[in-house]
Amino acid sequence: MNREKVQIFDTTLRDGEQVPGCKLDTNQKLVIANRLDEMGVDIIEAGFPVSSPGDFLSVSEICKIVKNATVCGLTRAVENDIDVAAAALKHAVRPRIHTGIGTSDSHIIHKLQTTREDVIARAKHAVAHAKSYVEDVEFYAEDAGRTENAFLARVCEEVIKSGATVLNIPDTTGYCLPEEYGAKIKYLKENVKGIENVILSCHCHNDLGMATANSIAGAVNGARQIECTINGIGERAGNTALEEVVMIFKQHPYLNLYTDIDSKQLNEMSRLVSESMGMIVQPNKAIVGANAFAHSSGIHQDGVIKNRATYEIMDPLDVGVNESSIILTARSGRAALAYRAKKVGYELTKVQLDIVYVEFLKFADIKKEVLDEDIHQIIEASKITVY
């Protein structure tokens, strides 16, 4: 089978910035946007232009520096939102307006307080209005994850007629199971007239910890764009993590799906976003967490030292990490101690290692982690002669 590309739509600067306390200034956004462009992101959702003068300015300035990616501005299905977004995007080499409306009964009845027919009419009008400004119009069916499939298909069919080029099928509340979300994408592929002329997009939230799994299920079933953020930041529990999507496709080539992301930039990109937003990345975060390539269990350490593939499915270099970490703790074995001792200049014989290991365990029981400088102290306490 031929491999097919999945476009990466990064919304770090829009959905990611909606996290409380993560406000970025325009200069910070420009730095991140430039790095996203260099990394190979296909679409950068730069902001929600009508939301504030600052957001309008940021989107406008980002358009001036991005050379390769499409730059996208978010709107509601409101004419003024779309007018303002079009003005903000006027300097973009490849502009996209992202407009939409809630389609689940929950949104229609409780939030919009209207009818299904009115939602379809408003959706069509918004897409047509956006189309008068730009060729590339993405429509989002908010809360599509909880929208009845037959009605969702009707909405999609109508906005395609109005000129939509991308259909965003968000699991806005992070409620779907992967098989449910995948089945929803498959249903749309099979039941929407004109679907072959547009790109289906996944925008999944992580409320139940399934954002990435749902996005992958969507891609397997025919979606060819995934909306994600660096480090998985975003509303509430966050969004699909860009780094996870990229490496899943890379590590599972039988899916015949790929992205154009330069994965070697992932670690550095993660740090840039974390530092800019003041959002610490949890140590056990997949791909980019501090512990993602760290080993402290003696059994694991012994395996990794003998052959990295025993406990690592990725080469750290592929994501921009120089090497795996062998962390010395009370759970570490002789192999790990010998490995780290050699790193700081001690070539221990088996007999010497047995002696040093006894002192090491005493030290490790007191300290959570034994550092390189501690090894010198342990060797000295062992009273052995090392050449």
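Since the model is a prediction, treat every value here as computed from it, not as a measurement. (Residues numbered from 1 in each chain as written. Predicted model: local features only at pLDDT ≥ 70, side-chain atom pairs only at ≥ 80, totals over all residues. Heavy atoms only, no water.)

A.B. asks: I'd like a description of the packing of aromatic side chains, backed by residues and values.
C.D. replies: This structure, assessed with the given rule, holds 1 aromatic pair. Sitting over the face of the ring of Phe151, Arg116 holds its NZ or CZ atom 4.5 Å from the ring centroid. (Phe/Tyr/Trp six-rings, centres within 6.5 Å; stacked < 30°, edge-to-face > 60°. Lys NZ or Arg CZ within 6 Å of the ring centre and 35° of its normal.)

A.B. asks: With reference to specific residues and values, describe the environment of Val370.
C.D. replies: Inspection of the secondary structure puts Val370 in the loop between α13 (350-366) and α14 (372-382). Taking relative accessible area as the criterion, Val370 reaches 0% and is therefore assigned buried. Linking Val370 and Asp118, residues 252 residues apart in sequence, is a C-alpha distance of 65 Å. Apart from residues lying up to four places away in sequence, Val370 is in contact with Leu328, Arg340, Phe360, Phe363, Ala364, Ile375 and Ile378. (Helix = DSSP H or I, 4+ residues; strand = E, 2+ residues; numbered from the N terminus. Buried < 20%, exposed > 50% of the residue type's maximum accessible area, 1.4 Å probe, protein only. Contact = heavy atoms within 4.5 Å.)

A.B. asks: An account of the sheet that holds strand β7 (residues 166-171) is requested, with residue identities and associated values reported.
C.D. replies: Spatially, the 8 strands close up into a barrel ordered β2-β3-β4-β5-β6-β7-β8-β9, and their pairing is parallel. Each strand of the sheet is rotated relative to its neighbour by a mean of 25 degrees, with strand direction disregarded. (Pairing = 2+ DSSP bridges. Axes fitted to C-alpha atoms, helices over the stretch in contact; angles between N-to-C directions.)

A.B. asks: Go over the UniProt feature "domain: Pyruvate carboxyltransferase" (unreviewed entry) in the protein chain, please, and point to the residues and values.
C.D. replies: UniProt records the feature "domain: Pyruvate carboxyltransferase" (unreviewed entry) for residues 6-267 in the present numbering. Within residues 6-267, the helical portion is 42% and the strand portion 18%, while the C-alpha atoms at the span's ends are 21 Å from each other. (UniProt positions renumbered as here; feature names shortened; annotations may be inferred.)

A.B. asks: Hey, could you go over the packing of helix α3 (residues 79-88) against helix α5 (residues 116-131) for me, with residue numbers and the actual values?
C.D. replies: Axis separation between α3 and α5 bottoms out at 10 Å; the angle between their running directions is 25 degrees. When the axes of α3 and α5 are compared, the pair comes out roughly parallel. Crossing angle aside, the handedness with which α3 passes α5 is right-handed. Where α3 abuts α5, its residues Glu79, Ile82 and Asp83 lie against His125, Ala126, His129 and Ala130. By residue class, the composition of the contact of α3 with α5 is 3 nonpolar, 2 polar and 2 charged. (Parallel < 35°, antiparallel > 145°, perpendicular 65-115°, else oblique. Left-handed = near helix turned anticlockwise from the far one by under 90°. Nonpolar A, V, L, I, M, F, W, Y, C, P; charged D, E, K, R; others polar.)

A.B. asks: Account for the environment of Asp10, with residues named and values stated.
C.D. replies: Tracing the backbone through its elements, the reader meets Asp10 in strand β2 (residues 7-10). Take Asp10: its relative accessible area is 0%, and that puts it in the buried class. For the pair Asp10 and Val246, spaced 236 residues apart in sequence, the C-alpha to C-alpha distance is 12 Å. Not counting residues within four places of it along the chain, the set of residues in contact with Asp10 comprises Leu36, Val41, Ile43, Ile44, Glu45, Cys228, Thr229, Ile230 and Leu242. Here the side chain of Asp10 touches Thr12 through a polar contact of 2.9 Å, side chain to side chain. (Polar contact = N/O pair within 3.5 Å; in protein donor to acceptor, adjacent residues only side chain to side chain.)

A.B. asks: Got a sec to walk through the packing of helix α11 (residues 298-306) against helix α12 (residues 334-343)? Specific residues and values, please.
C.D. replies: At a minimum axis distance of 8 Å, the contact between α11 and α12 shows a crossing angle of 55 degrees. As judged from the angle between their axes, α11 and α12 are oblique. The segment α11 lies against α12, with Gln301, Asp302 and Ile305 engaging Ala335, Ala336 and Tyr339. Looking at the contact of α11 with α12 residue by residue, the classes come out as 4 nonpolar, 1 polar and 1 charged.

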